[in-house]
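Architecture and fold: a report
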Amino acid sequence: KNQVEQSPQSLIILEGKNCTLQCNYTVSPFSNLRWYKQDTGRGPVSLTIMTFSENTKSNGRYTATLDADTKQSSLHITASQLSDSASYICVVSEGSGTYKYIFGTGTRLKVLA
Amino acid sequence: KAGVTQTPRYLIKTRGQQVTLSCSPISGHRSVSWYQQTPGQGLQFLFEYFSETQRNKGNFPGRFSGRQFSNSRSEMNVSTLELGDSALYLCASQKGQGVNYGYTFGSGTRLTVV
């Protein structure tokens, strides 16, 4: 069964600190992996997208990594800001032509002043 | 460039009523998908429309239905509302059909059933 699991479920850090969120998946065949940021009460916004051949992708203070062999991805946030408080969702796309997106349940990040 | 527009933003209904939610995709986007998001379940796929045809459907009861118009705007209808239908309903659009295009989400409609 295709699944996407994220850890931790929630995380609290102090402003200015770094953090890393994890995403493990069992989706096969694999097409691509996206990280979304969702502010409370808003729709998710895409941060990065990576295909099979890409190991790392950055978007400002956000850096995503992908290990397609171990089927793991991480999202590293550098020098966190209060505005980083949000849910971060990992989404993996199937590559079988079924146009399926498998969503993780997200990591809820809280950045404290 | 306008984003994905969902209306209304908030809605309160009573059990047994029906509700219709609207989604206007980004201009030029022909694929529209609907998701239900609850705190415990995360994002759950409802259905996807492409060129006025339902292409994929999630595991939701028949009370949940949708349609897409020729201008790509989409509506979602829920009949005989239950308390458990309270959720954030998100619409997402993409330019074509396929996983390489990527979604752009709307801000959602917060439905509360009392």
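Look up: the structure comes first, before these words.
This report concerns the structure included in the present document. (Residues numbered from 1 in each chain as written. Chains lettered and ligands numbered in written order. Predicted model: local features only at pLDDT ≥ 70, side-chain atom pairs only at ≥ 80, totals over all residues. Heavy atoms only, no water.)

Looking now at the pattern of salt bridges. If you walk through the whole model with that rule in mind, you get six salt bridges over all chains. A:Asp84 is the salt-bridge partner of A:Arg61, the closest N and O atoms lying 2.8 Å from each other. Highlighted residues: A:Arg61 in the loop between β6 (56–59) and β7 (62–67) and A:Asp84 in the loop between β8 (72–77) and β9 (86–94), separated in sequence by 23 residues. B:Arg67 is the salt-bridge partner of B:Glu75, the closest N and O atoms lying 3.2 Å from each other. Here B:Glu75 falls in the buried class, since its relative accessible area comes to 16%. The exposure class assigned to B:Arg67 is partly exposed, which follows from its relative accessible area of 46%. The network of salt bridges with shared partners includes B:Arg63, B:Glu82 and B:Asp85. (Salt bridge = Lys/Arg side-chain N within 4 Å of Asp/Glu carboxyl O. Helix = DSSP H or I, 4+ residues; strand = E, 2+ residues; numbered from the N terminus. Buried < 20%, exposed > 50% of the residue type's maximum accessible area, 1.4 Å probe, protein only.)

Take the packing of aromatic side chains next. All chains considered together, the criterion is met by twelve aromatic pairs over all chains. With 6.1 Å between their ring centres and 45° between their planes, A:Tyr62 and A:Tyr88 make a pair best called tilted. A residue pair is termed long-range when its members are at least 10 positions apart, and A:Tyr62 in strand β7 and A:Tyr88 in strand β9 qualify at 26 residues. Among the residues examined, A:Tyr88 registers a relative accessible area of 0% and is labelled buried. Measuring from centroid to centroid gives 6.0 Å for B:Tyr35 and B:Phe105, while their planes differ by 55°, and the two rings are tilted. (Phe/Tyr/Trp six-rings, centres within 6.5 Å; stacked < 30°, edge-to-face > 60°.)

Turning our eyes to something else, we now look at the environment of B:Lys13. Residues and elements named next belong to chain B. Its place among the elements puts Lys13 in strand β2 (residues 10–13). What makes Lys13 partly exposed here is its relative accessible area of 21%. Sequence separation of Lys13 and Ala2 is eleven residues, and the distance between their C-alpha atoms is 29 Å. Discounting residues that sit within four places of it in the chain, Lys13 has contacts with Gln18, Val19, Leu81, Leu111, Thr112, Val113 and Val114. (Contact = heavy atoms within 4.5 Å.)

This next bit is on a nonpolar patch on the surface. Residues and elements named next belong to chain A. A cluster of nonpolar side chains, namely Ile12, Leu14 and Leu112, defines an oily patch on the protein surface of about 290 Å² accessible area. On the secondary structure map, Leu14 appears in strand β2 (residues 10–14). Taking the relative accessible area as the measure of exposure, Leu14 reaches 48% and is therefore partly exposed. (Patch = residues over 30% accessible without salt bridge, like charges linked within 9 Å, V, L, I, M, F, W, Y side chains within 5 Å. Areas by Shrake-Rupley, 256 points an atom, 1.4 Å probe, with all protein chains shown as cover.)

Another point: the nonpolar core. Grouped together as the largest cluster of nonpolar side chains are 25 residues, with contacts concentrated most on A:Val4, A:Tyr25, A:Leu33, A:Trp35, A:Leu75, A:Tyr88 and A:Val92. Secondary structure elements with two or more residues in this core: β3 (19–25), β4 (30–38), β5 (45–51), β7, β8, β9 and β11 (107–112) of chain A. Those residues in contact with A:Val4, other than ones at most four positions away along the chain, are A:Cys23, A:Asn24, A:Tyr25, A:Val27, A:Cys90, A:Val92, A:Ile102, A:Phe103 and A:Gly104. In this structure, B:Leu21, B:Ile26, B:Trp34 and B:Val113 belong to the second largest nonpolar core, which totals 21 residues. (Core = buried A, V, L, I, M, F, W, Y, C linked by side-chain atoms within 4.5 Å.)

A few words now on the state of the cysteines. Enumeration over the complete set of coordinates arrives at two disulfides over all chains. Here A:Cys23 is linked by a disulfide to A:Cys90, with a sulfur-sulfur distance of 2.0 Å. Looking down the S-S bond of the A:Cys23 and A:Cys90 bridge, the torsion is -65°, so its handedness is left-handed. With A:Cys23 in strand β3 and A:Cys90 in strand β9, the pair connects residues that are 67 residues apart, well separated along the chain. Using a relative accessible area of 0% as the deciding quantity, one classes A:Cys23 as buried. Note on A:Cys90: relative accessible area 0%, which makes it buried. Disulfide pairing places B:Cys23 opposite B:Cys91 at an S-S distance of 1.8 Å. Residues B:Cys23 and B:Cys91 are joined through a disulfide that is left-handed, its torsion about the S-S bond being -55°. Placement of the pair is B:Cys23 in strand β3 (residues 19–24) and B:Cys91 in strand β9 (residues 87–94), with a sequence separation of 68 residues. As far as burial versus exposure is concerned, B:Cys23 and B:Cys91 are alike and both buried. Left without a disulfide partner, A:Cys19 is nearest to the cysteine sulfur of A:Cys23, which lies 15 Å away. Residue A:Cys19 is classed as buried on the basis of its relative accessible area of 6%. (Disulfide = S-S within 2.5 Å.)

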